[in-house]
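Structural overview
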Amino acid sequence: MTATKINDLPTVYDAKATEEDIYKFWEEGGYFKANAKSKKPAYSIVIPPPNVTGVLHMGHALDETLQDILIRYHRMSGYETLWVPGTDHAGLATQNVVEKNLAKEGLSRYDLGREKFIEKTWEWTNKHKGAILDQCKRLGASFDRSRERFTFDKGCSDAVKEVFVRLYEKGLIYKGKYIVNWCPRCNSAISDVETEYATEQGHMWEISYALKGESGAIIVATTRPETMFGDVAIAVHPSDHKYSELIGKTVIIPLSGREIPIIADEYVDKNFGTGAVKITPAHDPNDFEVGKRHNLKPIWVIDTEGKMKACGEVPQQFHGLDRYEAREKIVGLLSYENFLLRTREHEHNVGKCQRCGTTIEPLLSEQWFVKMEPLAREAIKAVKDGRIKFIPDRWEKNYLGWMENIRDWCISRQIWWGHQIPAYYHKVTGEMVVAKENPDPENYVQDTDCLDTWFSSGLWPFSTMGWPDTDSDDFKKFYPTSTLVTGFDIIFFWVARMITMGLEFTGKAPFSTVFIHGLIRDEKGQKMSKSKGNTIDPVKIIDKYGCDALRFTMTSLCTYGGQDIKMSEERFEYGRNFANKIWNASRFVLMNLDGVDDKDIDFDKLTIADKWILDKLNKTAKEVNENIKDFRIGEVAHILYDFFWNSYCDWYVEIAKIQLQDGSLKLNTQRVLKYVLDMALRMLHPIMPHITERVWQLIPKTSGDAIIVSDFPVYSDTFDFPKEAQEMELVFETITSLRNIRQSFNISPAVKCDIEIRAALKEKVVFEAIEAYIKRLARVENISYADGSAPVPPKSASAVVSASKIVIPLADLIDLDAETARQQKKLDKLLSEKKSLEGRINNPKFVANAPQELIQQTKTRIAEIEIQEKNITDLIKSLNS
RNA sequence: GGGCGUUUAGCUCAGUUGGUAGAGCGCCUCCCUUACAAGGAGGAUGUCGGGAGUUCGAGCCUCUCAACGCCCACCA
């Protein structure tokens, strides 16, 4: 970094002018590169690969920031860290984008043909692949770009084929005809988790099916009359007395004339609708099951585009009509011909395609599935036995609930962009071979379907590490990964699949912790989406407020419970103001470091204020480490904000101004100022990387070449000064009281006044020790003391002001009795806790049965209490002496 | 139908084993005190959703009611 004159630094932190240079400095310095041969313990994260079609949004910004914080923290804490970046080929999403572009030229993918289309899509992909990761650089992401991966690159493709073939050979992948969720717009099957349900106001039509050969009819309630031509039976409940005589009889489908039986099946709810259900196995999952039980052959009446089929069962006038248009016409005709008995308003849930919102058509078709139950067993165990931990743990229940009721995963998609299914069919015999490569391209053709995008992302933690080559350096060093950071919205899509696949193919859980954070919402709590126009562009925020401001604000809003975050632009002022505070406090310290050396702090020369700030810093380091390890990242932000602003800036720096003027204290004060700044910056670095690096480079005589690889501060008992820390709190209380009194008497801050403290003379000594601080920080010229035997008036208004002299009863400055009482109470509480802990530890039953860890904890706590006990006792003594 | 979450200061929200309620913003008063007005000093503000219980003591634990939100299931 270039040397900079401290006095030339701007008084307002200029994020824009800083961040790019700093990022370049890290990148060129190779600080992000992981070394697989390192002897240090490994800490690794794989990025949830954003879609190549994606544009960076607030959700990414949060997710990437949290990962970067963990990576940077561990990098500074002695780990060999690897953060793998990459993108997802996003099958359908990408295909849709490219198709849209083609449509502008008046072309469809069918005009190009499969091969050309894929070529085009690769072209598009290669052009856009880096974009979103480049945007992540603006976030300060310290990922190892040399290891960037793509879910459709050679390595991932090889892994996909390997996994598919192995699962097939194990009987865990099968092909079959089942009802799937079909999106008529995407023209593809989608999986259960890709189907979202929305409540819609619809109708329930009651239709009369006439009995064959006798008078009478059975009345059936349906929401989907257009499927009636696919009916293969009418079902009633076996114990339904209304219909018991009709079971086994035949009815005639209105408008079509086809004959179908009345059957009995437990599936029917006697109390819903009319108690009689039409059975359409080709277009309803429940009906499909009923049909199977009764050996009824399904009849397709709606095609893959959602149009009525031109088949014998469907009356000609409906052929080719869209399903909704057909519904309307059929209802009209039923009504006209008196088959329609009743129409009711009916609210029901309708499945929608997660990607395009089109209403799903349940369709019987031939698809590939993964048999999940055997895979889920281990995935459940891994979470139950603690190999994988969810943070917050309530997501564990959510995950287990889903896993325990797992259904087979439909993995085939009728699209072109994606991993083509490695199954090959003999051109003549149709014989199928599942293999990594085509056994004989002359005679075999590959299955035309592609795999669900999540199939390849499910392998991400190990496909990025070189698997199936389990001997690769990265795999050996960095797999399994450490933490997975993501939003709860993709637990089923992605997290669950990674866990099952990871366990099945590597025998290990792909990560030990799943850190789930909330979703970013707009200020009204609504989901951000482009169509609603309520998005906030993180890049714009970075331009305006700075990356560190964005990161700090977001981080501070993360709660341990992982609540969703309501976001509005003004909130980033919080982080920006803090960055500015860091900048200016640093500037002040740097400007006052002339003549400082690289020696350690001289403990013999520490003032009470020095000891207080060092004690506070030390405690802060302890809390920060604990909270990061517990994933209480928001708490870390708050602790650091409070320490830096309220302790370091508001009190210590102000006190240092006094000490710097004292020749005998100057050098050591400089050392303390420098040391505390240095350590504070290090602790802030994971959250606010740029500004901390920038300032750190300006600190004279620091060892090490960059804060990014400096050691993260840890607690050390050599910096414990509990007595001084307590006493200093009295100083603050005194000064605050004085300021309060001054203001209540309208004494201008410009006026320095004298004060006379009336108190018992024995307390004089307490104040004499801190006179310098009081004089400066409460703007006092002289302090004198008078005996407290003078009448003690009531609080606050009791100070007497005359000729800029304030006479104040001590009780107004600081209530020593109350302080004593407070400390006594604290002490009592500690003692009672100690008593109960000792009772526990002295109980032989407890010692025999409790886990070793708990016993150790109890002992440690008792020791802790004893130390505090001593401190408080000392303090009470000094208060009363 | 099942599960989860939320309800605390005007607003947005923290509050880790129960021990005298906190932050940021906003508001009021004063201040350009030579790091910072994106700042400094001082101040006001809450029967912690309602009710009941356990406890010496409950924002926190138990029960119950209410409102809002989310997830899963999917009765045609």
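In what follows, the accompanying structure is described.

Definitions and cut-offs
Residues numbered from 1 in each chain as written. Chains lettered and ligands numbered in written order. Predicted model: local features only at pLDDT ≥ 70, side-chain atom pairs only at ≥ 80, totals over all residues. Heavy atoms only, no water. Buried < 20%, exposed > 50% of the residue type's maximum accessible area, 1.4 Å probe, protein only. Helix = DSSP H or I, 4+ residues; strand = E, 2+ residues; numbered from the N terminus. Arc of directions from axis to C-beta. Contact = heavy atoms within 4.5 Å. Polar contact = N/O pair within 3.5 Å; in protein donor to acceptor, adjacent residues only side chain to side chain. Axes fitted to C-alpha atoms, helices over the stretch in contact; angles between N-to-C directions. Left-handed = near helix turned anticlockwise from the far one by under 90°. Nonpolar A, V, L, I, M, F, W, Y, C, P; charged D, E, K, R; others polar. Expected span 1.5 Å × (residues − 1). Disulfide = S-S within 2.5 Å. Pairing = 2+ DSSP bridges. Parallel < 35°, antiparallel > 145°, perpendicular 65-115°, else oblique. Phe/Tyr/Trp six-rings, centres within 6.5 Å; stacked < 30°, edge-to-face > 60°. Lys NZ or Arg CZ within 6 Å of the ring centre and 35° of its normal. Salt bridge = Lys/Arg side-chain N within 4 Å of Asp/Glu carboxyl O. Core = buried A, V, L, I, M, F, W, Y, C linked by side-chain atoms within 4.5 Å. Near = heavy atom within 4 Å.

1. Here we look at helix α16 (residues 538-545)
- Along α16, the positions that sit buried rather than exposed are Pro538, Val539, Ile541, Ile542 and Tyr545. In an axial view of α16, the angular spread of the buried residues amounts to 160°, which keeps them on one side of the axis. Residues of α16 that are exposed and angled more than 90 degrees away from the buried face: Lys540 and Lys544.
- Against α1 (15-29), α2 (58-76), α6 (131-138), α17 (547-556) and α18 (572-591) lie the buried residues of α16.
- N-capping of α16 is provided by Asp537, with a side-chain oxygen placed 2.9 Å from the backbone N of Val539.
- Gly546 occupies a position one or two residues after α16 and carries a positive phi of about 100°.

2. Quick notes on the packing of α18 against helix α20 (residues 633-660)
- Close contact between α18 and α20 brings their axes to 11 Å; oriented N to C, the two are set at 30°. The hand of the α18/α20 crossing is left-handed. Contacts between α18 and α20 involve Tyr574, Asn577, Phe578, Lys581, Ile582, Ala585, Phe588 and Val589 on the former and, on the latter, His638, Leu640, Tyr641, Phe644, Trp645, Tyr648, Cys649, Val653 and Lys657.
- Across the contact of α18 with α20, the residue classes break down as 13 nonpolar, two polar and two charged.

3. Here's the deal with unusual backbone geometry
- Across the junction of Trp467 and Pro468, the peptide omega takes the value 10°, indicating a cis bond.
- Inspection of the secondary structure assignment puts Pro468 in the loop between α13 (460-463) and α14 (473-478).
- Residue Pro480 is bonded to the preceding Tyr479 through a cis peptide linkage, with omega at 0°.
- As for its position among the elements, Pro480 is in the loop between α14 and β22 (481-487).
- Of note in the backbone geometry, Asn187 takes a positive phi value of approximately 60° without being a glycine.
- Within the secondary structure, Asn187 sits in the loop between β5 (173-183) and β6 (188-190).
- A positive phi is found at Leu255, a non-glycine position, where the angle reads about 70°.
- Within the secondary structure, Leu255 is located in the loop between β10 (250-252) and β11 (259-264).

4. What about helix α23 (residues 722-744)?
- With 23 residues, α23 should cover 33 Å at 1.5 Å per step; its first-to-last C-alpha distance of 33 Å lies within 8% of that length.
- Remark: Asn746 follows α23 within two positions and exhibits a positive phi of approximately 55°.

5. As for the state of the cysteines
- Taken as a whole and judged by the stated rule, the model has zero disulfides.
- Free of any disulfide, Cys136 has its nearest cysteine sulfur in Cys547, 11 Å distant.
- The exposure class of Cys136 is buried, given its relative accessible area of 0%.
- Not part of a disulfide, Cys186 finds its nearest cysteine sulfur in Cys183, a span of 3.6 Å.
- Since its relative accessible area comes to 4%, Cys186 is described here as buried.

6. Comments concerning the environment of Thr343
- Tracing the backbone through its elements, the reader meets Thr343 in strand β13 (residues 340-353).
- Excluding residues within four positions of it along the chain, Thr343 makes contact with His203, Met204 and Trp205.

7. Comments concerning the sheet that holds strand β18 (residues 423-426)
- With antiparallel pairing, three strands are arranged side by side in an open sheet as β19-β18-β20. Of all the strands in the sheet, just β19 (432-434) and β20 (444-446) have a single pairing partner and so form its edges. Between one strand and the next, the sheet's axes are offset by a mean angle of 30°, whatever the strand orientation.
- Of the strand pairs in this sheet, β18 and β20 are connected by three bridges, and their pairing is antiparallel. The residue of β20 that forms the bridge with Tyr424 is Gln446.

8. Points about the packing of helix α10 (residues 373-384) against helix α15 (residues 491-506)
- Packing of α10 against α15 leaves a shortest axis separation of 9 Å and a crossing angle of 100°. With respect to α15, the element α10 is oriented roughly perpendicular. Of α15, the residues touching α10 (which contributes Leu375, Ala376, Glu378, Ala379 and Ala382) are Ile499, Thr500, Leu503 and Glu504.
- Looking at the contact of α10 with α15 residue by residue, the classes come out as six nonpolar, one polar and two charged.

9. Considerations on the packing of aromatic side chains
- Per the stated rule, a full pass over the model turns up 48 aromatic pairs.
- Ring geometry for Tyr110 versus Trp416: centroids 5.4 Å apart, planes at 75°, classification edge-to-face. Of this pair, Tyr110 sits in helix α4 (residues 109-112) while Trp416 sits in the loop between β17 (412-413) and β18, and the two are 306 residues apart along the sequence.
- For Tyr110, a relative accessible area of 53% corresponds to the exposed category.
- When the centroid spacing of 5.7 Å and the interplanar angle of 40° are considered together, the rings of Phe552 and Tyr574 count as tilted. You can see Phe552 sitting in helix α17 and its partner Tyr574 sitting in helix α18, a full 22 residues away along the chain.
- We classify Tyr574 as partly exposed; its relative accessible area is 29%.
- Of note, Arg72 hangs over the ring of Trp26, and the distance from its end group to the ring centre comes to 4.2 Å.
- The residue whose ring lies beneath Arg109 is Trp416, and the NZ or CZ to ring-centre distance is 4.8 Å.

10. Topic: the pattern of salt bridges
- In the structure shown here, the tally under the stated rule is 46 salt bridges.
- Two residues, Lys137 and Glu27, come together in a salt bridge whose shortest N-O distance is 3.6 Å. Taken together, the residues Lys137 in helix α6 and Glu27 in helix α1 connect sequence positions 110 residues apart.
- For Lys137, a relative accessible area of 25% translates into the label partly exposed.
- One connected set of salt bridges, linked through shared partners, spans Arg224, Glu226, Arg323, Arg327 and Glu361.

11. Here we look at the nonpolar core
- In this structure, Met58, Phe390, Tyr399, Phe455, Phe644, Tyr648 and Tyr773 are the most contacted members of the largest nonpolar core, which totals 190 residues.
- Ranked by the residues each element gives to this core, the list is headed by α20, at 17 residues.
- The residues touching Phe455, leaving out its near neighbours within four places in the chain, are Val160, Val163, Phe164, Leu167, Ile173, Val370, Trp409, Ile411 and Met501.
- Ile207, Ile262, Val268 and Leu321 belong to the second-largest nonpolar core, a separate cluster that totals 38 residues.

12. What about the protein's contact with RNA strand B?
- Close to RNA strand B lie 47 residues, the nearest being Phe272, Asn286, Arg571, Arg587 and Trp645.
- Among the atoms of RNA strand B close to the protein, meaning within 4 Å, 60% are from sugar or phosphate groups.
- Here a phosphate oxygen of RNA strand B and a side-chain polar atom of Asn740 are 3.5 Å apart.
- Tallying contributions element by element places α18 first for the surface near RNA strand B, with 10 residues.

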